[in-house]
Amino acid sequence: MNLQHINFKIFAEKQDISLDELIPVFHRWIQNKVTEEMLIDVADYAHVPEGPGILLIGHEANISIDNAENRLGLLYNRKTVMEGSTQDKLQKVMQLALQHCKRLEEEPTLSGKLKFNAGSLQLIINDRLLAPNTDETLKILEPELKNFLSQLYQKVPYTLTRHSDSRERFTLDIQAKKSFEVSSLLQKLK
Amino acid sequence: MKASQKQWREKLQGQMSPAWAEEIDHFETEIELKKQGKLEDRIFAETRLRRGAYGQRYDNGQRHDGIQSQKLEYPSPLTKGPHTLWDAPGMQRIKIPYGGINAKQLEVMAELAEEYSDGIAHITTRQDFQLHFIHIEDTPNLMRRLAAVGITTREACGNSVRNLTGCPYAGICNTQAFDVSPYADACTFFLLGHPDAQDFGRKFKIAFSGCAEKACGLVNIHDMGFIAATKIENGKEKRGFKFYVGGGLGSVPQNAKLFDEFLPEEEMLAMSQAICRVFGRYGEKKDRGRARIKFLIKDWGIDKFKEEVLKERKLLKTDPRWTDFLEKTRKDFEKPLKGPSKLDLAAQSQEFQKWYNTNVYHQRQEGYKAVTVALPLGDITADQLRKLADIVRKYTHDTIRTTVEQNFVIRWITETDLFSLYQDLKNASLDTAVANTILDIVSCPGTDTCKLGISSSRGLAGELRNRLAEQSHLLDEAVKNLHIKVSGCFNSCGQHHISDLGFYGVSRKIAGYTVPHFQVILGGQWENNGGSYGLAVGAVPSKRIPDVVTRLTGRYVTDRQKDEGFKDFIQRIGKVEIKKTLEDLTQVPSHDADPSFYADWGDPREYTIGDIGVGECAGAVVSAVEFDLTAAERQAFEAQLLLEKGDFQNAGLQAYESMVRAARGLIKHTVRDVSDDAEAIVQDFKTRYYDTQIFYDPFAGGKFAQYLFLAHKKSGQGYTPESAHQLIEEAILFIEAAYSCYGRMTEKKAALPA
């Protein structure tokens, strides 16, 4: 399977924050070109319950503080096609997502109000044709994913739960048995 | 662009009509030709527009980040239209004829919102869906996936017959003459791709209403509109329509003109075709600002227009489709899933009753109710769309409608299902009890995504919604049912002209800074098919619009006479009094005192109207120019007062003079001694600002200058009430354009190296 359009959502464990507070932060990221990715604009959906929250629209990817299912987290949604092996792509997307989490955790204007637990993740493949939300897709992806997660979590056990609604995109909840700091996982991916 | 791009065509083969499949294949080929440089920008732009693929803000590769204009470095140097970069995200408009949609279609919309857009589907003020941030190369597959469930995006934009709107209560409404749904359906598919509807100079919008009294399909604001009517002939009831043409909002709103008191149903399609042919043949093609059918009707007069259409109608060769559909109109267009039942409302919870009181409509059919699903700013998530699809399947015969108020209406709910339906909506966070209230604010996309947006309409609408929600328990009953509508610019996509309180985005230059403002439009009418338009009472800084709402609604509560509607209240107290009431709110504190006034709602960037850096000081000449612009604005306002008094001759004269005054002000920007003679001013303005295109609006071109030239040419010929009204509208727009021009010139000057 040519795995593309990988999305990782890293859930927040501390979220004493109003979504509106993210708007100036994301605008500043555009001003300061904080990432090698091309950033375009900010979209505000804070008014939509359990919605995509505040999005930083980019060319290669959208980065958002997403509140789908009422679970706040940073969602990195890869839009453009990536080169390399599946492991390379999973690593690259996770690395970028963690970097953005770290940036938000360290954002002075948020005063530490946002903290992520990288042991609580969601993987979405945003292309129903490439990866329908079926057991078969899970079967194909599982070895690659386990390989990737063993590097990430090493010996810490974790669970994988596929969302059961076949109308959804291929979505896996990944829950490690312990919490992981964003910076510690970033170190492992270097 | 999706990795699965090449596989969808094969996967969906045979799942759509061959004609639709072929059209999309052609479009995909055109994309390829454009990539190879074999299609002109101008041609490709109109091609994609006719398939609903629209441009979006910043697609010219420039974005002001609050400090400076930054170049957006998209990977491809290709363009998809004049000044429109290939890789820049765009908007896809999706036509939903008369708002009718089913569960499977909702599910596909959810898929597309997730895979190609930002996870949100947006309902427009014309019952369409819009998806944003879409790559042009993804659009053919997006269209295929829609076509496979019976939705086409053909002619969703461009110079074509746009989505046909219809009353969301058609068939269940208590005041309808009959169900207009099958007529709207027939008209949609008769005109879709019709050869006689392919050569317009501008878009063409159609609406169907079941009755005249309610807002219904808003026939008055449409190019062509049908209001259901019946009459008795030879003892038998005959169906037909009160038939209107030439209405429209846009920058200069026009009330639709009555074409026929009773157009028989069998003539509905034939007459539509004849009108399309006349519009295609005689409508303006070069000047986009005058290319809507309303201008042709205005130029000719309704009698000549009618004569020409009837002549054309006689020449048409009979088409069996004109009447084939009529058989369907005598059958139920929609059926309930379950039999009727009776709900004991008193036995329900208070929370449910609150929702019931705002969101439930009593159908003409005993035992059934229709339910409004109120969406914040017309937005719905993919998850919510799937849950809504489940609800549609569970409670209805697979039907639901979008509305022009950016909501959904679920019809044919047997009463005893209402509580369970409410619980299911609550589980989907779709249970907000605000339908048909002042909290259900309508807004176009504005500066969020629209290239033409001047101010943040969605930002303002969201702020008003939050503030009003906080006070909702304190709101007087008289205020609760008012309508608020917001547009990001003068083009009226938010339909601000037909609401009690309407706002449209403008800007003002203050001490070298550009400040976001909204023009306040009061006294428009939503009922009677958008029966009358409000007029501007003045521009107020964006950040003070919530205070405008509080103050005007407060005044309405305290000063209204018994049962007096808002429109009548506004007319009674008069514009002078209103202006006095709002006077202090028009003031802008200095940048040092309160910089928040210099940013728009929901956007922390320092406000700008363009990509050029905001100048720090506009220089001494500013005061002289602004003096004339302010005076011009005042004159336009005085013209409105004269019109209200019935003095339309002087009203027209004042409006004309206000335009000359604004032109004179602009000339002062470059020349110290300016003539007082109108002819000299107009000529000088033409030479300096029109011929050089300095006055040109980035999107409307020279349209606003033409208003001045035409007004000058016709000066001395006298005015009718209608022409004076129109001239006032044009004068306001010309003055706004003068402000914008002045803003652009001073910004450029400030940006120039020393």
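Fair warning: this is a prediction, and the values are worked out from it, not measured in the lab.

*Asks:* Teacher, can you tell me more about the overall build of chain A here?
*Replies:* Regarding its fold elements, chain A presents four helices and eight strands. When the helices and strands of chain A are read in sequence order from the N terminus, they spell out β-α-β-β-β-β-α-β-α-β-β-α. C-alpha extents for chain A along the principal axes are approximately 45 × 35 × 30 Å. For chain A, buried positions account for 45% of its 190 residues. Across chain A, the fraction of contacts at a sequence separation of at least 24, relative to all contacts at a separation of at least 6, is 61%.

*Asks:* Any chance you could explain the overall build of chain B here in plain terms?
*Replies:* Scanning chain B from N- to C-terminus turns up 24 helices and 26 strands. Expected size for 754 residues packed as a compact globule is a radius of gyration near 27 Å; at 26 Å, chain B falls within 12% of this value. Seen through its C-alpha atoms, chain B measures out along the principal axes to roughly 80 × 70 × 55 Å. A buried classification covers 56% of the 754 residues belonging to chain B.

*Asks:* So what exactly am I meant to see when it comes to unusual backbone geometry here?
*Replies:* A negative phi angle characterises most non-glycine residues, just as the trans form characterises most peptide bonds. The backbone phi angle of Glu69(A) is positive, close to 60 degrees, even though this residue is not glycine. Residue position: Glu69(A) is located in the loop between strand S4 (61–66) and strand S5 (73–78). Residue Gln406(B) is not a glycine yet carries a positive backbone phi of 65 degrees. Along the chain, Gln406(B) falls in the loop between strand S18 (400–402) and strand S19 (408–414).

*Asks:* Got a minute to help me understand the domain arrangement of chain B in this structure?
*Replies:* Interface size is commonly expressed as the accessible area that is lost once the parts come together. All names here are of chain B. One can read the domain layout of chain B as domain 1 (8–147), domain 2 (172–329), domain 3 (345–427), domain 4 (437–613) and domain 5 (615–754). Computed from C-alpha coordinates alone, the two centres of domain 2 and domain 5 are separated by 36 Å. The partner domain 5 presents seven residues to the four residues of domain 2 that form the contact. For the side of domain 2 that touches domain 5, a count of residues per class yields two nonpolar, two polar and no charged.

*Asks:* Teacher, can you tell me more about the interface of chain B and chain A here?
*Replies:* Listed per partner, the contact involves 35 residues of chain B and 33 residues of chain A. The element best represented in the side of chain B that touches chain A is helix H4 (residues 103–115) of chain B, accounting for four residues. Classifying every residue of the side of chain B that touches chain A gives 12 nonpolar, eight polar and 15 charged.

*Asks:* Please clarify how the sheet that holds strand S22 (residues 501–510) of chain B should be interpreted in this entry.
*Replies:* The strands making up a sheet are joined through hydrogen bonds of the backbone, oriented either antiparallel or parallel. All names here are of chain B. Taken in spatial order, the five strands of this open sheet run S20-S21-S22-S23-S24, and their pairing is mixed. Edge positions in the open sheet fall to strand S20 (442–443) and strand S24 (535–541), since each of these has one partner strand only. When S22 meets strand S23 (residues 513–522), the two strands line up antiparallel, connected through 10 bridges. Within the sheet, the bridge partner assigned to Phe 503 lies in S23 and is Val 520. Its contacts with the sheet put helix H15 (residues 457–470) on S20, strand S21 (484–487), S22 and S23, and the angle it makes with S21 is roughly 155 degrees. Strand contacts of helix H18 (residues 545–559): S22, S23 and S24, with the helix running at about 135 degrees to S22, the strand carrying the most contacts.

*Asks:* Can you help me understand the pairing of strand S16 (residues 368–373) of chain B in this one?
*Replies:* Where a strand is regular, its side chains alternate between the two sheet faces. Residue and element names in this part refer to chain B. Of all six residues making up S16, six are buried, and the element is well covered by its neighbours. Alternating positions in S16 separate into two faces, Tyr 368, Ala 370 and Thr 372 on one and Lys 369, Val 371 and Val 373 on the other, with burial throughout. Bridge count between strand S15 (residues 360–362) and S16: three bridges; the pairing is antiparallel. By the bridge assignment, Tyr 361 is partnered in S16 with Ala 370.

*Asks:* Explanation requested: helix H14 (residues 418–427) of chain B in the structure shown.
*Replies:* One full turn of an α-helix is made of 3.6 residues, so residues set three or four places apart face in the same direction. Residues and elements named next belong to chain B. Within the span of H14, buried status applies to Leu 418, Leu 421, Tyr 422 and Leu 425. Looking straight down H14, one finds that the buried residues subtend no more than 100 degrees of arc, so they occupy a single side. Opposite its buried face, H14 presents the exposed residues Gln 423 and Asn 427, each directed more than 90 degrees away. Of the residues flanking the end of H14, it is Ser 429, one or two places downstream, whose phi is positive at about 55 degrees.

*Asks:* Please clarify how helix H5 (residues 139–147) of chain B should be interpreted in this entry.
*Replies:* All names here are of chain B. With nine of nine residues buried, H5 lies mostly within the body of the structure. If you check which residues of H5 are buried, you get Thr 139, Pro 140, Asn 141, Leu 142, Met 143, Arg 144, Arg 145, Leu 146 and Ala 147. Next to the buried residues of H5 lie helix H1 (8–11), helix H2 (18–35), strand S1 (53–54), strand S6 (90–94), H4 and strand S9 (129–134).

*Asks:* How do you make sense of the nonpolar core when you look at a structure like this?
*Replies:* For soluble globular proteins, nonpolar side chains are generally found buried alongside one another. All names here are of chain B. Grouped together as the largest cluster of nonpolar side chains are 274 residues, with contacts concentrated most on Ile 410 and Phe 734. Among the elements that make up this core, the one with the highest residue count is helix H24 (residues 721–751) (13 residues). When near neighbours in sequence (up to four residues on either side) are disregarded, Ile 410 contacts Ala 370, Val 371, Val 373, Ile 391, Val 392, Tyr 395, Thr 396 and Ile 400. Core analysis: the next-biggest nonpolar cluster, separate from the first, contains seven residues, Ile 510, Phe 597, Tyr 598 and Ala 599 among them.

*Asks:* How do you make sense of the sheet that holds S6(B) when you look at a structure like this?
*Replies:* Residue and element names in this part refer to chain B. The antiparallel open sheet is built from five strands, whose spatial order is S1-S6-S9-S8-S17. Strand pairing shows two members of the sheet lacking a second neighbour, S1 and strand S17 (379–381), which therefore form its edges. The sheet contact formed by strand S8 (residues 120–123) and S17 spans three bridges and is antiparallel. Its bridge partner being in S17, Ile 120 is matched across the sheet by Thr 381. Running at roughly 85 degrees to S17, helix H13 (residues 382–395) makes contact with S8 and S17 of the sheet.

*Asks:* So what exactly am I meant to see when it comes to the packing of helix H8 (residues 293–300) of chain B against helix H9 (residues 302–315) of chain B here?
*Replies:* The relative placement of two packed helices is expressed as an angle between their axes plus a distance between the axes. Residue and element names in this part refer to chain B. Where H8 meets H9, the closest approach of the two axes is 6 Å, and the angle between their N-to-C directions is 110 degrees. Accordingly, the angle class assigned to the pair H8 and H9 is roughly perpendicular. Facing H8, whose interface residues are Leu 296, Ile 297 and Trp 300, H9 presents Ile 302, Lys 304 and Phe 305.

*Asks:* I'm lost on the environment of Ser272(B) in this one. Help?
*Replies:* Residue and element names in this part refer to chain B. Secondary-structure assignment places Ser 272 in helix H7 (residues 268–282). Residue class for Ser 272 comes out buried when judged on the 24 C-beta atoms lying within 10 Å of it. Not counting residues within four places of it along the chain, the set of residues in contact with Ser 272 comprises Cys 187, Leu 191 and Met 224.

*Asks:* Even after reading the chapter, I still don't get the packing of helix H6 (residues 181–191) of chain B against H7(B), so can you show me in this structure?
*Replies:* All names here are of chain B. Relative orientation of the contacting elements H6 and H7 amounts to 40 degrees, with a least axis distance of 10 Å. By the angle class used here, H6 and H7 are oblique. Between H6 and H7 the crossing geometry is right-handed. Residues Tyr 183, Ala 186, Cys 187, Phe 190 and Leu 191 of H6 form the contact with H7, whose participating residues are Met 268, Leu 269, Ser 272 and Cys 276. Here the contact of H6 with H7 is built from residues that sort into eight nonpolar, one polar and no charged.

Calculation rules
Residues numbered from 1 in each chain as written. Chains lettered and ligands numbered in written order. Predicted model: local features only at pLDDT ≥ 70, side-chain atom pairs only at ≥ 80, totals over all residues. Helix = DSSP H or I, 4+ residues; strand = E, 2+ residues; numbered from the N terminus. Buried ≥ 20, exposed ≤ 12 C-beta atoms within 10 Å, placed from the backbone. Contact = placed C-beta atoms within 7 Å. Rg over C-alpha atoms; globule rule 2.2 N^0.38 Å. Domains from an automatic or database assignment. Nonpolar A, V, L, I, M, F, W, Y, C, P; charged D, E, K, R; others polar. Pairing = 2+ DSSP bridges. Axes fitted to C-alpha atoms, helices over the stretch in contact; angles between N-to-C directions. Arc of directions from axis to C-beta. Core = buried A, V, L, I, M, F, W, Y, C linked by C-beta atoms within 7 Å. Parallel < 35°, antiparallel > 145°, perpendicular 65-115°, else oblique. Left-handed = near helix turned anticlockwise from the far one by under 90°.

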